[in-house]
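Residue-level structure breakdown
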Amino acid sequence: MIETRQLGKLFHDKKRGEIRAVDGVTFRCEPGRIYGLLGANGAGKTTTLRMLATILEPTEGSATVAGFDVATQAEEVRRHVGFLSTATALYARLTAEEVVRYFGQLHGMDDSAISQRMDAIFARLEMNEFRDRRCDKLSTGMKQKVSIARTLIHDPSVMIFDEPTLGLDVMAARTIIGFIRECRDQGKTVVFSTHVMSEAEKLCDIIGIIDKGRLLAEGSLDELRSRYRQTDLEEIFVQVVES
Amino acid sequence: MSLRNIGVVYRKELKDSLRDRRTVISMIVVPILVMPLLTIGMGALMADIIGKAKQQVPRVMVLGGGDSPQVTSQLAAAKDIEIVPARPDYADEISNKQIRAAVEIPPGFDAAVQSGQQVTVKIYDYEGDLNSELAAKNLHKFFGDYSDATVRKRLESRNLPDSLITPFDITEQNVAAPEKVTGAIIGGFVPYIVILLCMMGAMYPAIDLTAGEKERGTMETILSSPVSRLHLVIGKFLMVLTASLASAALAVTSMGVSFGIGKHMLMSMASGSDANALQLTVNFKSVLAVFGMVLPLAVLFSAALLAISLHAKSYKEAQSYISPLTIVVILPAVASVLPGVEMNAHLALIPILSTSLISKEIMTGTYHWKYIALIFASSCVYAAAALGIAVKLFQREDVLFRT
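Residues numbered from 1 in each chain as written. Chains lettered and ligands numbered in written order. Predicted model: local features only at pLDDT ≥ 70, side-chain atom pairs only at ≥ 80, totals over all residues.

**Some points on the pairing of strand β9 (residues 206–211) of chain A**
Residues and elements named next belong to chain A. With five of its six residues buried, β9 lies for the most part within the structure. In terms of strand pairing, strand β3 (residues 34–38) meets β9 through four bridges, oriented parallel. Residue Y35 lies in a different strand from β9, and its bridge partner there is I206. With five bridges connecting them, β9 and strand β10 (residues 214–219) associate as antiparallel partners. Residue I209 lies in a different strand from β10, and its bridge partner there is A217. Hairpin geometry of β9 and β10 is characterised by an intervening segment of two residues between the two adjacent antiparallel strands and by a positive phi of about 45° at K212. (Buried ≥ 20, exposed ≤ 12 C-beta atoms within 10 Å, placed from the backbone. Helix = DSSP H or I, 4+ residues; strand = E, 2+ residues; numbered from the N terminus. Pairing = 2+ DSSP bridges.)

**Notes on the pairing of strand β6 (residues 81–85) of chain A**
All names here are of chain A. The element β6 is largely enclosed, with a buried count of five among its five residues. Alternating residues of β6 divide into V81, F83 and S85 and G82 and L84, and every residue in both groups is buried. One ladder, built from five bridges, connects β6 with strand β7 (residues 158–162); its direction is parallel. The partner of G82 across the bridge, within β7, is M159.

**Digging into the domain arrangement of chain B**
For chain B, the assigned domains read domain 1 (3–41 + 178–400) and domain 2 (59–160). Taken over C-alpha atoms, the centre of domain 1 of chain B sits 53 Å from the centre of domain 2 of chain B. (Domains from an automatic or database assignment.)

**Section: the interface of chain A and chain B**
Note on interface size: it is often stated as the accessible area lost on association of the parts. In this complex, chain A contributes 22 residues to the contact, which on the side of chain B involves 18 residues. Counting residues per element, the ones that place at least two in the side of chain A that touches chain B are α2 (74–79), β6 and α3 (96–106) of chain A. Partitioned by chemical class, the residues of the side of chain A that touches chain B number 13 nonpolar, four polar and five charged. (Contact = placed C-beta atoms within 7 Å. Nonpolar A, V, L, I, M, F, W, Y, C, P; charged D, E, K, R; others polar.)

**A word on the packing of helix α2 (residues 21–55) of chain B against helix α8 (residues 189–209) of chain B**
Residues and elements named next belong to chain B. Direction vectors running N to C along α2 and α8 enclose 165°, while the axes themselves pass 8 Å from each other. Relative to α8, the element α2 is oriented roughly antiparallel. Of the two elements, α2 crosses α8, and the hand of that crossing is right-handed. Across from R22, T23, S26, M27, V30, P31, V34 and M35 in α2, the residues of α8 making contact are I193, L197, M200, G201, M203, Y204, P205 and D208. When grouped by side-chain class, the residues that make up the contact of α2 with α8 number 11 nonpolar, three polar and two charged. (Axes fitted to C-alpha atoms, helices over the stretch in contact; angles between N-to-C directions. Parallel < 35°, antiparallel > 145°, perpendicular 65-115°, else oblique. Left-handed = near helix turned anticlockwise from the far one by under 90°.)

**Regarding the sheet that holds strand β1 (residues 59–64) of chain B**
All names here are of chain B. Taken together, four strands build an open sheet; the order of strands is β2-β1-β3-β4 and the sheet is mixed. Edge strands, defined here as strands with exactly one partner in the open sheet, are β2 (82–84) and β4 (122–124). Mean inter-strand twist for the sheet, computed between neighbouring axes without regard to direction, equals 30°. Note that β1 and β2 share three bridges and pair parallel. Bridge pairing in β2 links V60 to I83. Where helix α6 (residues 130–157) meets the sheet, it contacts β1, β3 (101–105) and β4, and its direction lies at approximately 30° from that of β3.

**A look at unusual backbone geometry**
What you tend to see is this: most non-glycine residues have negative phi, and most peptide bonds are trans. All names here are of chain B. Backbone geometry places K97, a non-glycine residue, at a positive phi of 60°. Mapping K97 onto the fold places it in the loop between α4 (90–95) and β3. Of the residues examined, K97 has 12 C-beta atoms within 10 Å and is grouped as exposed. Positive phi, close to 70°, is recorded for I352, a residue that is not glycine.

**Structural notes on the packing of α8 of chain B against helix α13 (residues 284–311) of chain B**
Residues and elements named next belong to chain B. Orientation of α8 relative to α13, taken along the N-to-C sense of each, is 30°, at an axis distance of 9 Å. Comparing their axes, α13 and α8 come out roughly parallel. When you trace α8 past α13, the crossing you get is right-handed. Within the contact between the two elements, α8 uses V190, P191, V194, I195, C198, M199, A202, M203, A206 and I207 and α13 uses V290, V294, L297, A298, F301, S302, L305, L306 and S309.

What follows is the structure, encoded as structure tokens:
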């Protein structure tokens, strides 16, 4: 479960002064559900998700992830979270297996538990063929699979995806979309951000429209359609942002 | 503090770095090759240049001497110089290396020498040019011998013994132990190389593990794992320190081997009496002591480089920050080799310079324990401060996510 209350982030920039990247964001996502943060570039999606993954510290409000406070129990939060974004690259000089094993070790797992879990994930994602290959020799699709395996090694109950399909080709994007659905079906709590309307339509149980750091509208796709009297999500998005 | 987590990060960074060509070159290849190249390579090159210069018969111009056939004929007969016709632009010819030197014989030289009058012979050369200085040396020797022969003739004509002008002989005898002699010769050079390689070895891993991670996008990946930032930075720091110390250790080992080979080469080149005088011995206890003194400096370099590189957004930016630092390290290391720079309590507090100065002393077998303790302690304080800064920076979002 993820719960945020008036979550905010203020950055200090030497040239631009104070920048409020996230402003009073409040939402809740239950296990077995996908919450989609829909917003344009610079709307505050990445900052919100980085705060949930405890990579950044909130300056206002609070949030709990898997029952732990992101500000005071950051390490516990990270133990229960799988975080994947296009910015989370792989160690190019390590093999697929070495990368996944490294993250298993960082999660405090012992070697036999890592091997067991890794075998299952590699078989499920059809990765055995390239498990001993260095990451810099892998195709984009293969790299995405390694990233997925890395986020799953410790079997997290919460998954956070920050624009996970950005820059990927159709096939690689489909792998990710399928993986997100699978996470929901396994009962995990899933939050993901996107600016691609079709992805949000396909995946999200609840959509939150974010702009200039503020969460402007929230609801299921059907709720948003009836509230804004539009069927097309893009039209709804434009209406919300422009109002 | 979880040693397990630090160990996990350290082992991964070590494995990753050993697969990085740049790190392997700076950490292993350069330290192994630099000493043989500097000692054997440069030594062989210098020996070759000096040998060739000695073999060459230098072209020398004789200015004047038309009225002194005795000295000019002997000059013409000298085997180690070749006389070329005199020209008024002899200075330009020397500067342009057309001739190596010139000698000006004053008018009436032969007559003056006969009558016992004092005259001055002037030698012109190109200061700093090896060939010109060798030619001038040959001319000096010729006129020295000519002067001795003249004196001997005068004494003979007066029935006086040679000992009248050389009442006694002077000889030099070294009483210092061979390692002290060696220490005095190469004492400044060894710590300088070890200190420099300590920094060079740490440079690439420090950049790769910080700015390199940011550039490749793996920083966010690792920050999303449950490892604490303290454990992460210590694991990375230990890897950089390993590279720094490995460079220094390999440099010292390579230096030992090079020194042995270099000494053998010098002994075979030196003639009988010179070979006996050439008692070069390195005390490896001293080398180990120097290595010990460099330890806190390696910690300082590793932590400082890690902190500086972390500020950069990319590999290139980090390189532009760090490259000028090489001068900051070289300058005090070079200053310690300068004559007249002696250790005192104030200098003992200046990092790098103090280590370099005390290491020079240690290489000669002299141990100033008070200074050693002061330098070791102050270096440890600086190293701890740098490590503290690196740890603090790793907690700062504006540094980690600088765009």
